[in-house]
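# Chain and residue survey
Here are the chains, one letter per residue:
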Amino acid sequence: MRLHLLAVGRKMPGWIAEGFREYAGRMPPELRLELVELAPGDRGGGGRVDRAREVEAGRLLGAVPRGARIIALDAGGREETTEQLARRMSGWLQKGRDMALLVGGPDGLAPECLARSEYRWSLSRLTLPHMLVRVVVAEQLYRAWSILANHPYHR
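Notes on the structure in this doc start here. (Residues numbered from 1 in each chain as written. Predicted model: local features only at pLDDT ≥ 70, side-chain atom pairs only at ≥ 80, totals over all residues. Heavy atoms only, no water.)

### Side note on the overall build of the protein
Basically, it comes down to this: Per the convention used, a helix needs a DSSP run of H or I reaching at least four residues, while a strand needs a run of E reaching at least two, with both numbered from the N terminus. Atoms counted for the radius of gyration: C-alpha only. Globule rule: 2.2 Å times the number of residues to the power 0.38. Any two residues whose heavy atoms approach within 4.5 Å at even a single point are treated as in contact. Here the open area of atoms and residues is found with the Shrake-Rupley method and a 1.4 Å probe, where only the protein chains shown may cover a residue. By the counting scheme adopted, Arg and Lys are positive, Glu and Asp are negative, and His together with the chain ends is not counted. Every charge is mapped onto a representative atom, which is NZ of Lys, CZ of Arg, CG of Asp or CD of Glu.
If you tally the helices and strands in the protein, you get five helices and five strands. Secondary structure elements of the protein occur, N-terminal to C-terminal, as β-α-β-α-β-α-β-α-β-α. The C-alpha atoms of the protein give a radius of gyration of 15 Å, which matches the 15 Å a tight globule of 155 residues would have. Oriented by its inertia axes, the alpha-carbon framework of the protein measures out at about 50 × 30 × 25 Å. Across the protein, every contact between residues at least 6 apart in sequence was considered, and the portion connecting residues at least 24 apart equals 81%. Taken as a whole, the protein presents about 8,200 Å² of accessible surface, with 49% of it coming from carbon and sulfur. In the protein, which carries 24 positive and 18 negative side-chain charges, the distance between the mean positions of the two groups comes to 2 Å.

Put into C-alpha cells, the structure is as follows:
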C-alpha cells in the first residue's frame, strides 16, 4: 500500500523538504509515503482565486492514482487524536488500497476535491501554512504507524 501526498506548491523552503523527507523515510516499505508537488493556479489580480482553485483541483484529481481512496486535508474536516488516526490507518492497511491525501494551495481545496474525497481530515483548528501541512501529515502518519507497530516513538 502506498500513501500519496498530493500537494499544491513547489519550491518549498529547504527545511520543509527536509522535514518531509525525514518522516517519509521512516515509514516502512509496506507503507511508503510519496510526495507529488503540483503547480499552483495563477491567482494574478483580483477575483482569480476561484479559478486558481479549479485549476488546482484538476491537477490534484488528475494525479490521484487509479483506485486510490481520496482523503482531503481540509480545515472543515474531522479532527482526530493520533490514536484515532492509528485506528483509521489500521483499517486502511487491512483494505490494502492506496491512499491519496490532497493538500490544497493557500486558499484550500476546491469543492470538486471535497466532493470526491471519501474522508475530510483536519489537522487542527489552528490555521497552518499550507507548506507546513506536508511535514505535519508525514509526522502524524509516521506516529500513527509507530503506535500500530508498538514502536517507542509515540510516548
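There is more to say after this.
### Description of the sheet that holds strand β4 (residues 99–103)
What counts, and what does not: Each pair of strands is called paired provided DSSP finds at least two bridges between the two strands. Fitted lines through C-alpha atoms give the axes, limited to the stretch in contact for helices. The angle between two N-to-C directions lies from 0 to 180 degrees.
Spatially, five strands are ordered β2-β1-β4-β3-β5 in an open sheet, and the strand pairing comes out parallel. At either end of the open sheet lies a strand with only one pairing partner, and these are β2 (32–38) and β5 (119–122). The sheet shows a mean angle of 30° between the axes of neighbouring strands, taken without regard to direction. Where strand β3 (residues 69–79) and β5 come together, five bridges link them in parallel fashion. Of the residues in β5, the one forming a bridge with Leu73 is Trp121.

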